[in-house]
Amino acid sequence: MSSNSPLSIFATLLTITLFVADKPAFSQTAMETLVIDDGTELAAKKWVVAEATATSDSKHIKTAKTALHFHINVDWKDGEKNYPIGWPRLNIRVPPDMQNWSNFDYLLFSIFVESSRTNLPATPLGFSLYLSGKKQGFNRPFTELQIGKWTDYKIPLREIVNTNACTGMQFHISESNYRDGDILDFWIDSIVLTRYLEPVITEAKLTEQTITADARFVEVEAMAFGIEKTKHAVAEFILTLNDKPVLTETLPLIQGRNIYQVPLSKMKRIPGNYNIKITHNGKTTVAGCIRMIGSPYQEDKQ
Amino acid sequence: MPDRNHSFHLPLKQLTIGKWIDFKIPLNELTNRAHCTEIGFHLSESEYKDGDVVDFWISQIVLTRSNGKTSPLVLDDASAVSAKKWSPAEASCTADSTHVKSGKTSLRLHVDINWKTGELKYPIGWPRMSRSMPDGCTVRDKSYTEYDDGKPPPVWTCPLSQDAVVSDQPSEFSARVKPGKYNAWVLCGLSNSRGSQFYDFDIVSGSEKQRIQFENSFQYRHVFLKVDASDGKAKINFTPHSLFAICGVVLWQDIDTGIVQKEIIAPIRQITDFLPPDELKKWTLDQPLDTHPWPKIPTKDNDNGYLIFQKHWAECVYPNTIPHNGELDPEIQTFASLGEYEPLTFTIHPFRSFPSVTVKISDLKCGKNVISASTIDIRRVRYLNARPNYTTLHVYRVVPDVLMPYEPSPLVSDENTTFWLTVHVPDNAKPGFYKGAVTVSPDGTAPATIPVTFRVLPIRLKEDPDKIFGIYYHDPLDSWQRAVDEPSKAYYLQKSEWELQDMVAHGTRNVTTGLWGPPEKPDKPGVFDINFDLMEKKIAAWRRYNFKPPIVVGINAEGIYAKRSGKDHPGSHLKGISKPPPEYGQELTRMCRFIEAERIKRGWPEFLYYPVDEPSVQPDAIAFMVDTLKAVQAAGVKTYVTADPSNEGFAPLKPYVDVWCTQPYLPSREIILADKAARKVDYWCYPNHVNGENDHTPVNGARMTYGFGFWRSGFTTLIPWIYRADVGNPWNYLDGSAMDFFNRTEDDGRPIPVAMWEAYREGYDDYRYVYTLQTLITKAKTGNAKIRQLADDAEADLKYIWNQIRVQPKYKYDDLWAPREADVYRWMVASHILKLQDSETHRPKSRSFFRRWFSR
């Protein structure tokens, strides 16, 4: 990386750290992180701003001493000539030697909001990634934001195509979603890329909450990382009814978000509430509870 | 030549009294002959004396090519039939045999020079006759490179496709060739705009005849046939039932088949059916990829060269989708109520190519009761190249989309083919478990059998009278009205009937329409030239199919704005609008009153007046909307506005909106119910994100939107854009300013559904299951303790389902129920319906007090 690169600040920040997540399954899992914005004044200057300001600010912080502060005075009469009701925004360009994000699992940051308003519109803030070679990028409305609260974002990069050439990112609002004269302040804390260095299940959930007794399988959607391409780890999928195991199936675990179909043919399928969990490498991830009801295809019963 | 306002004029100075003069006009020297719409003859009375009498006899008018091998194209044969196609002014045109050069008659243009009559301002005028060319000839259509608005053209063209011959007269293609047997490829179609026209013709070679039909233009048909040219003449006849449109003919002998296919047909078809090579370079294929490994293939499937798997019908199966283990070796199981339509799907994945595959379903039997196989609709899911969203450019993906009528078709190696079967349960079917099988037979290998269990439930689903399933609509009756020939009129009339029947079968009970007319004339304030008789015909159809009011009626507010402000029509979303003068609102009120008076006089259902589509929140647009809505309401009628009231920019409109129509399910149920309780207002939803404005893949989101999501919302009506809209070539989504929208059309005018349209119906059915149970619960609450308990159980499960809904403004892809989970909830509802119905059947008959007293 050249010394005058917009992201030169990150040159020495590619580190191996121990990342303590909020779920037991992730604890003490080796991770690698790359910091994109650390909230400092130097980092704030890297952003190209339109119809807004970007500074480093300590009023609301989460992990560092300062955070990136995105300030907007909504003005329906100012801005671009053709679009006075415009799109205040922050852009950062990623230098070519740092554009390959395809080996990272997540993009992480947190956002805190203050406003002259008492509540936020349905889409308070938008986020985009510019992916080279594509006319389309990745866009995500941040509908979860609330005034006076931190919201944590964990964007799974494996689900975005062409992250091997991420040329830039943007935070923006659409002034049409606000009233003329509204004031908005977003604090964006610590934008980092992360990847796991050993197999881990980071998330698991059931794709369905209710099934019928004739179902051939239960589907579990699990996010697994730290598994090399073309290889797989092994995990046990366990169903319990009234706290008693009724089925254990061993399935290969592969990198990324995947659907795992747990065949039910080996168990007696009686209506009830089943708990489902996955165990891997001594760690257990709860997928959820599923309700099984009677089948429409049992001729003697409804 | 309307493309560029160019025309060609030639003074015929050579004419001499008493002599035939031959004219041979070299067309190659004409510029801009892309679209020759009309020919005419005229004289200037100023060059004659008042009282002169002039007669011209005009022989056949033909087009020829200099190669000498092709027959001339007769534009006018000077017959009596042709003479009637000319429109004379201040003159007459007849077929006459006084002077004849070829054929039996000539066209006679007769003129009595009269310097005092004719047009009021020009008594010394221009006697003339002209005829239009829809039944004549298009010399050259527009090339795709001639569209310069920065958007893709409506159709991709090549020189062959830009040269169409169109006629209402039987014609023969004849070419001198080396004697022998030939193959022919006839490229049919037009690459230029022709609306409200149905092309219907036979292509005949010897005893082989193929009928070609298509509507409008911007599309092609490929006809392959054998031509016997043993006498050295290759002849192909074109017999129009309305018009024929032929771009070109390619002839070759068997020995050249390989080279012709590779070097002529394939490159041209790539252009006409996909993209020209230079354009293709700009487009990227962005195909969804499965990352999970293939399941272990059963030995029998490996041996047979294909496997069959089943995903839920609401899941998209792409050409490259990889099945999961649990989806192999499927058994089809489903249930439905009396009169209900229910989809069944399965997919074949061939490991090698097969020339053809046939699919048959047996009768479904339950003891002596039968659902006949002949009533089960079989379709093949056709892939189309789709843009990720309707206006996105230069990115496409191959998506499962159109449900084509079944016919045996080839299987391409390693490409999934999905079949879509729809069972329509007869209204009088006996409930029970019907069994049958689907047999899949790829040529040259062992067939596969898929067992089918189809449970017919003893349920008659009820429609909620307070809800409406509607849709925006381009009514074929508009084309019917504009069409100029009888075959076209008959086509659009039949198309209208088929589409309405299809809508009714999908639960649609309301469509949008319009009463468009120009602003009033200065001398006739309050009078507007609006075709109410056409609306009468639409209302008659509306009544015939039991549609539910009110009717959304578009009106020409923008036309009045342009007239009164002296400015152009505003752009989309009222871009460029400015405050109109007070006369704008006054005239708009008069227009609404005029329409409303006619509505009342004719006894039509209530209208919702729809003056502007999708205004923006720009201050000028909002100010204009306030003026507009006030003016509409001043006529004593209701307003309909496509805007989201949860966007605060629309707040100034609130007092003037009778019906909000929003794209997302916003505002929330709670806000809507509170607003409706406080004042007279209604909330409709046009969920375009699960209709046409996407790549046609949010099928599961569509079902959720139209079914359980609708139930959970506070909205009363769903009215998405649009049942069908063609933007250029209806079979190519990579042309046109936007993609084509939603359902497609068979060549004869029958509708072809897309998968999302079937999801609309499944959502409609989901809602009917819920509503049917709700009515039974209400009734059961008045029953005995046992029945009340059943009602409580049902209510608890309805609440459970209600709570399972992850409420979203737009149900599209993310955080939805898994497709089969919706079936589970439908079954949960159905099972309670059965229990409550059963309890009603066995409910003790109420007895009078006296009977009970005496029976003690």
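Coordinates for the structure precede this section.
Here is a short report on the structure shown in this document. (Residues numbered from 1 in each chain as written. Chains lettered and ligands numbered in written order. Predicted model: local features only at pLDDT ≥ 70, side-chain atom pairs only at ≥ 80, totals over all residues. Heavy atoms only, no water.)

### Topic: the overall build of chain A
Heads up, the rule is: Secondary structure counts use DSSP, requiring at least four H or I residues in a row for a helix and at least two E residues in a row for a strand, with both numbered from the N terminus. A 1.4 Å probe rolled over the protein chains alone gives each residue an accessible area, and that area as a share of the maximum for its type sets the label: buried under 20%, exposed over 50%, partly exposed in between. Whether two residues touch is decided by their heavy atoms; if any such pair falls within 4.5 Å, the residues are in contact. Areas reported here follow the Shrake-Rupley algorithm with a probe of radius 1.4 Å; residue values treat only the protein chains shown as occluding.
Along the backbone of chain A there are 1 helix and 20 strands. Out of the 302 residues in chain A, the part that is buried amounts to 51%. A sequence separation of at least 24 residues applies to 70% of the contacts in chain A between residues at least 6 apart. When the accessible area of chain A is evaluated, it comes to approximately 14,100 Å², of which 50% is carbon and sulfur surface.

### Comments concerning the interface of chain B and chain A
Let me state the cut-off plainly: We define buried area as the total accessible area lost by two parts upon association, computed with a 1.4 Å probe and summed across both. Within this document, salt bridges are pairs made up of a side-chain nitrogen of Lys or Arg and a carboxyl oxygen of Asp or Glu, the two lying within 4 Å of each other. Definition of a polar contact: a pair of N or O atoms within 3.5 Å, with one able to donate and the other able to accept a hydrogen when the atoms are protein atoms, and with sequence-neighbouring residues admitted only if both atoms are side-chain atoms. Residues are grouped as follows: Ala, Val, Leu, Ile, Met, Phe, Trp, Tyr, Cys and Pro are nonpolar; Asp, Glu, Lys and Arg are charged; every other residue, Gly included, is polar.
Between chain B and chain A, the contact holds 47 residues from the first and 39 residues from the second. When the buried area of chain B at its contact with chain A is split by residue, Glu648, Arg820 and Trp827 of chain B rank highest and sum to 19% of it. Connecting chain B to chain A are 4 salt bridges. Here Arg179 of chain A and Glu648 of chain B are joined by a salt bridge, their closest N and O atoms 2.7 Å apart. Counting across the interface, chain B meets chain A through 18 residue pairs in polar contact (both at pLDDT 80 or more). For the side of chain B that touches chain A, the secondary-structure elements that each account for two or more residues are β19 (332-337), β25 (395-405), β28 (432-442), β29 (448-457), α15 (785-804) and α16 (819-841) of chain B. Sort the elements by how many residues they give to the side of chain B that touches chain A and α16 of chain B lands first, with 9 residues. Grouping the amino acids of the side of chain B that touches chain A by side-chain chemistry returns 18 nonpolar, 15 polar and 14 charged.

### Examining a nonpolar patch on the surface
Residue and element names in this part refer to chain B. Heads up, the rule is: Here a patch means residues that are over 30% exposed by relative accessible area and free of salt bridges, tied together within 9 Å if like-charged and within 5 Å if nonpolar (Val, Leu, Ile, Met, Phe, Trp, Tyr).
A surface patch of nonpolar side chains, amounting to about 420 Å² of accessible area, comprises Phe8, Leu10, Leu15, Phe23 and Ile25. Within the secondary structure layout, Ile25 lies in the segment before β1 (38-42). Classification of Ile25 by relative accessible area gives partly exposed; the value is 40%.

### Some thoughts on the sheet that holds strand β24 (residues 376-386) of chain B
All names here are of chain B. Put simply, the rule reads: The pairing criterion is simple: DSSP has to find at least two bridges between the two strands. Here an axis means a line fitted to C-alpha atoms, over the contact stretch when the element is a helix, while the angle between two N-to-C directions is reported on a 0 to 180 degree scale.
Read from one edge of the open sheet, 6 strands run β17-β25-β24-β27-β20-β18, paired in mixed fashion. Where the open sheet ends on each side, the last strands, each with one partner, are β17 (284-285) and β18 (306-309). Note that strand β20 (residues 341-350) and strand β27 (residues 417-424) share 8 bridges and pair antiparallel. Note on β27: the bridge partner recorded for Tyr341 is His424. Together, β20, β25 and β27 form the strand contacts of helix α14 (residues 755-780), whose direction differs from that of β20 by roughly 140°.

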